Structure formats: structure tokens, C-alpha cells
Amino acid sequence: MSIVAKAIAQSDRADRFLGSSELTQLQDFFSNSSARISAAQKLAANQQKIVDEGSKQFWSQCPNTPSNSGDKQKTALCQRDQGWYIRLVTYCVLAGNSKPLEDIGLDGMRDMYVSLNVPLTNLKTAMRCLKQSAMGVLSSEEASLAGPYFDQLIRAF
Amino acid sequence: MQDTITSLINPADEKGQYLEGGDLDSLKQYLQTGASRVKAAGQIGDSAASIISKTVEKSLLYGDITLPGGNMYPTRRYAACLQDLTYFLRYATYAMLADDASIIDERILNGLKDTYSSLGVPVEPTIQAIEAMKDVVSERVGNEAGQEVGKYLDHIVSGLR
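Residues numbered from 1 in each chain as written. Chains lettered and ligands numbered in written order. Predicted model: local features only at pLDDT ≥ 70, side-chain atom pairs only at ≥ 80, totals over all residues. Heavy atoms only, no water.

A. View of the interface of chain B and chain A. The partner chain A presents 31 residues to the 35 residues of chain B that form the contact. Between chain B and chain A the total buried area reaches about 2800 Å² when both faces are included, carbon and sulfur atoms providing 73% of it. For the pair chain B and chain A, the interface holds four salt bridges. The partner of A:Asp15 in a salt bridge is B:Arg90, and the shortest N-O contact between them spans 3.2 Å. Put simply, chain B and chain A have 15 residue pairs in polar contact (both at pLDDT 80 or more) between them. Every element with two or more residues in the side of chain B that touches chain A is listed here: α1 (4-14), α2 (21-46), α4 (75-98) and α5 (102-109) of chain B. By residue class, the composition of the side of chain B that touches chain A is 21 nonpolar, eight polar and six charged. (Contact = heavy atoms within 4.5 Å. Buried area = accessible area lost by both parts, 1.4 Å probe. Salt bridge = Lys/Arg side-chain N within 4 Å of Asp/Glu carboxyl O. Polar contact = N/O pair within 3.5 Å; in protein donor to acceptor, adjacent residues only side chain to side chain. Helix = DSSP H or I, 4+ residues; strand = E, 2+ residues; numbered from the N terminus. Nonpolar A, V, L, I, M, F, W, Y, C, P; charged D, E, K, R; others polar.)

B. The arrangement of unusual backbone geometry in detail. With an omega of 0°, the peptide bond running from B:Tyr73 to B:Pro74 counts as cis. Of note, B:Pro74 is situated in the loop between α3 (48-59) and α4. Despite not being glycine, A:Asn117 has its phi angle at roughly 60°, a positive value. On the secondary structure map, A:Asn117 appears in the loop between α7 (109-115) and α8 (120-135). Positive phi, normally seen in glycine, also occurs at B:Asp99, with a value near 50°.

C. Seen up close, the nonpolar core. A:Val4 and A:Tyr85 are the most contacted members of the largest nonpolar core, which totals 100 residues. Broken down by element, the residue count for this core peaks at 11 residues, all from α4(B). Non-local contacts of A:Val4, meaning those with residues more than four positions away in its chain, are made with A:Leu26, A:Phe29, A:Phe30, B:Asp3, B:Ile5, B:Tyr30, B:Leu97 and B:Ala98. In terms of nonpolar packing, the next biggest core, distinct from the first, is built from five residues, A:Phe58, A:Cys62, A:Ala126 and A:Cys129 among them. (Core = buried A, V, L, I, M, F, W, Y, C linked by side-chain atoms within 4.5 Å. Buried < 20%, exposed > 50% of the residue type's maximum accessible area, 1.4 Å probe, protein only.)

D. Seen up close, the packing of aromatic side chains. Summed over the entire model, instances satisfying the criterion amount to five aromatic pairs over all chains. Arranged with centres 5.2 Å apart and planes meeting at 85°, the rings of B:Tyr91 and B:Tyr94 form a pair that is edge-to-face. Of this pair, B:Tyr91 and B:Tyr94 both sit in helix α4, separated by three residues, roughly a single helical turn. Assigned by exposure class, B:Tyr91 and B:Tyr94 land together as buried. The structure contains a cluster of three or more aromatic residues connected by ring pairs, namely A:Phe29, A:Phe30 and B:Tyr30. (Phe/Tyr/Trp six-rings, centres within 6.5 Å; stacked < 30°, edge-to-face > 60°.)

Right under this line is the structure:
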């Protein structure tokens with residue numbers, strides 16, 4: 001559900017047209033549309049690079065972790081998931097809220113990684129490194145749009 | 001409900017893909033028109049009561065429907081008509097903002113024909129009123145935004161037929 005759908009659903013529940021705070025919120029959302037699009041495009045185009053650099057940072061801070069154990073499959077899975085999280089962040093940037101990240105990637109996430117025996121604290125470090133690496137390919141305006149979703153992702157671990 | 005943004009993101013996620021190509025272009029187009037959609041939604045919300053008065057004046061007020069025996073008589077039914085027209089305006093405004101008709105299908109059209117036929121609400125005058133509403137809205141928000149709202153009022157008309 002995007003920020004637009006959310007504002008509409010909220011108004012509908014109250015049986016009214018959109019209120020001034022919702023209108024202002026949507027006005028703000030649409031006012032930086034081009035930065036939203038370019039942020040999403042840059043993250044998409046640089047996904048591999050962001051993951052590679054993020055992983056290097058991660059392994060230097062946290063060498064004793066499944067993705068750095070020499071098991072290629074584990075490395076690939078860990079990096080695949082990081083790529084997926086970048087994709088979910090782009091959805092959030094375009095939707096104007098964190099629903100895509102929450103619904104697709106956070107609901108049930110802890111149970112999944114616990115069952116896979118992946119240490120959540122290590123993943124938290126990995127996501128921090130991923131964010132840092134991602135911020136490097138974005139302008140400051142784009143980074144201000146995408147950053148909060150990476151922060152939410154980090155907090156979730 | 002769906003909206004343009006969600007309806008583009010969900011299928012992309014099903015395929016595990018970023019939003020790209022034609023879908024990204026569609027989203028870009030929508031985002032570019034967003035500011036004017038928000039502006040029109042604000043204008044319509046601010047003057048909804050007067051849009052409805054004017055709509056009734058242009059379409060129903062001077063016809064037989066408001067006389068004894070008509071479906072807008074007595075006052076209780078007149079008020080019900082005002083309320084329904086306000087619903088149509090409100091949901092067409094939501095749909096214009098989302099650029100997606102699904103909320104109209106879910107909240108207005110689902111069961112409307114049956115309800116109207118059981119209440120004896122005549123379809124043709126209802127459609128006349130919606131057509132008049134299109135003109136009134138365009139007068140208030142300008143032609144371009146008016147057409148966008150009109151697209152969704154047309155959607156209601158097609159659901160009534």
C-alpha cells in the first residue's frame with residue numbers, strides 16, 4: 001500500500017474527503033518525484049556493486065560468519081538476500097512508505113533467519129554495511145529518501 | 001484497494017524485479033501528474049457541498065423527480081440523493097488521486113444496481129446527474145483535472161448501465 005492508497009483509505013474510513021494534513025503529505029511526496037525515480041534507478045543499476053562492497057566491509061568487521069566461511073552457497077544466498085533488500089528499499093522509495101519492506105521482507109524475517117542458523121547480530125552488521133555502500137551511489141537528496149528505509153531494515157535485525 | 005503505485009510494484013515483486021522499462025515510465029508519468037491531482041482533490045473536498053448543489057440544480061431540481069411521486073420526494077429521499085451524489089464525487093476523487101478505479105468498484109458499484117432497483121431509484125436521472133457533475137467539477141478544477149475526475153465518474157455511469 002503506497003502513501004497515496006494509505007491517505008485514501010484513512011479518509012475513507014472517516015467518510016470524508018482528504019484532510020489538509022493528508023494533502024500536505026501527498027504534496028510533499030509528489031514534490032520530489034524525480035529524486036525518487038533516480039534513487040530507485042541508481043540502486044537498481046548498482047545492486048551488484050553495492051552488495052559486493054557492502055560484503056567486503058561486513059566481512060572485515062565480522063569475519064566469522066556463514067557467508068564468509070568458504071561455503072559458496074551460503075555466500076551466494078546471503079548476497080542474494082541483500083540484493084532483495086535493496087530492491088524492497090526501491091519499492092519503498094517509490095511508494096513513499098515502508099509497507100513494501102514490512103510486508104515482503106520483514107514480516108517473519110527473524111523466524112526465517114533463526115531457522116537458517118544465520119546470526120541476526122551479524123546480519124545487522126551486514127545491513128549497516130549495505131546501507132553505507134548504497135548511500136555512496138546516491139546524491140544527498142536521493143540518500144535522504146532511501147536512507148530511512150535502510151535504517152528501518154537495520155533496526156529490524 | 002489498489003492504486004497506480006501498488007499495482008505496478010506488486011507484479012514486479014512477484015517476478016523479483018526492479019521497476020523498470022514501461023512500468024517505470026508509467027509510474028514516472030503518474031508521479032509527474034501527482035501534484036495537480038492533489039491540488040484538484042483539495043479543491044473538490046473544499047467545495048463538495050456546493051458542487052453537489054450545483055449538480056442537482058443543473059440536472060434534477062426542475063424535473064418531475066422532485067415532485068410528489070418522484071424519487072426525490074419527500075425531503076428524506078432528496079437528502080438521500082444528495083448523500084449518494086456526494087459519495088460518487090468522493091470516490092471519483094479518490095480514484096482520480098490514485099489513478100485507479102478499483103476503490104469505486106469495491107465501495108460504490110458492488111451491489112449498487114441491485115440496491116437502486118430495490119429502492120426504485122431510476123438509473124437515467126442518476127446518470128444525468130453524474131454527467132452534470134462532470135461539468136460542474138471541470139468548472140471548479142479546470143479542464144485537465146476535470147477530465148481526470150470525469151474518467152472515474154464515467155466509470156460509475158458504466159457500472160450503473
